[in-house]
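# Working through the structure, step by step
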Amino acid sequence: MFFHSAILIFFVSAIVGLIFVIGRHVFPAGRRRGDGDLRSVQSAHTRVTSRLGGLAVVAAMCLGTIFWFATIDVRLGFAKFLATIAPMFIVGLMEDLGYFASPRRRLTAAAASGILFVLVFHQWLPRVDISFLDFAFSSAALAIPLTIFICVGVTHAFNLIDGVNGLAATVAIGAALSLAVIAHQSGLTSHRDALLLI
């Protein structure tokens, strides 16, 4: 079952991705944005390149919510997680379609996703194992804003990598696999499975 689910999710993601790669000439918003990308100082592309790969990733994650996880509780938890990333996804998708999203709007969307995560899951960083910072994390009043700040920082670190050469997926896969190994060794099987899906 696990292998079949993985194959199904991979092919759905690949097909959605191919639709955007092959159809890049069909989507006028993507063309307009792509032309601007070619003139950007940080651009590594030499021709118009679709920026909608994230849509394929999110489609695979939505499908994976149904087929990847063994129990309904884990499926429901991952569906809630997908709901918490909706603000970031919507603003990022609009940006990728050619509708300019200011840095303030992107930061606000990332912070909104972090706040939603804390509200939905009642989780935040309890410590960071740095002695002088752990004192700040001992109070939820400080730990929650610091957790949201760190989430925004990590999100935009990936955004920066993706903006330079579009290869943030490689870094994300490496990070997800590393964290999945740690989750497996810690006995957090649902976390491991979510990281493997990502």
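Scoring rules and cut-offs
- Residues numbered from 1 in each chain as written.
- Predicted model: local features only at pLDDT ≥ 70, side-chain atom pairs only at ≥ 80, totals over all residues.
- Heavy atoms only, no water.
- Core = buried A, V, L, I, M, F, W, Y, C linked by side-chain atoms within 4.5 Å.
- Buried < 20%, exposed > 50% of the residue type's maximum accessible area, 1.4 Å probe, protein only.
- Helix = DSSP H or I, 4+ residues; strand = E, 2+ residues; numbered from the N terminus.
- Salt bridge = Lys/Arg side-chain N within 4 Å of Asp/Glu carboxyl O.
- Arc of directions from axis to C-beta.
- Phe/Tyr/Trp six-rings, centres within 6.5 Å; stacked < 30°, edge-to-face > 60°.

In a soluble, globular protein the nonpolar side chains are often hidden away together inside. The biggest cluster of nonpolar side chains holds eleven residues, and these are Ile 9, Ala 60, Met 61, Leu 63, Trp 68, Phe 69, Phe 78, Leu 82, Ile 85, Ala 194 and Leu 197. Those elements giving two or more residues to this core turn out to be helix H3 (53-67), helix H4 (72-84) and helix H10 (189-197). No other element matches H3, which puts three residues into this core.

Taken as a whole and assessed by the stated rule, the structure comprises three salt bridges. Across the salt bridge formed by Arg 106 and Glu 95, the nearest N and O atoms sit 3.6 Å from each other. A residue pair is termed long-range when its members are at least 10 positions apart, and Arg 106 in helix H6 (residues 103-121) and Glu 95 in helix H5 (residues 86-96) qualify at eleven residues. Given the relative accessible area of 23%, Arg 106 is considered partly exposed. The exposure class assigned to Glu 95 is buried, which follows from its relative accessible area of 8%. For the salt bridge of Asp 193 with Arg 192, the shortest nitrogen-to-oxygen distance reads 3.0 Å.

Moving on, we come to H5. Buried within H5 we find Val 91, Glu 95 and Asp 96. One face of H5 carries all of its buried residues, which in axial projection span an arc of 135°. With its phi angle positive at about 110°, Gly 98 sits one or two positions after the end of H5.

Next up on the list: the environment of Trp 68. Positionally, Trp 68 belongs in the loop between H3 and H4. A residue is classified by how much of its surface remains accessible, and Trp 68, at 12% relative accessible area, is buried. Along the chain, Trp 68 and Ile 9 lie 59 residues apart, while their C-alpha atoms are 8.4 Å from each other.

Let's shift gears to the packing of aromatic side chains. By the definition in use, this model includes three aromatic pairs. With 5.5 Å between their ring centres and 40° between their planes, Phe 78 and Phe 81 make a pair best called tilted. Taken together, the residues Phe 78 and Phe 81, both in helix H4 and three residues apart, mark about one turn of the helix. Overall, the relative accessible area of 5% leaves Phe 78 in the buried class. Between the aromatic rings of Phe 117 and Phe 121, the centroid separation amounts to 4.9 Å while the plane-to-plane angle is 35°, which identifies the pairing as tilted. Here the residue Phe 117 and the residue Phe 121 both occupy positions in helix H6, the gap between them amounting to four residues, near one helical turn.

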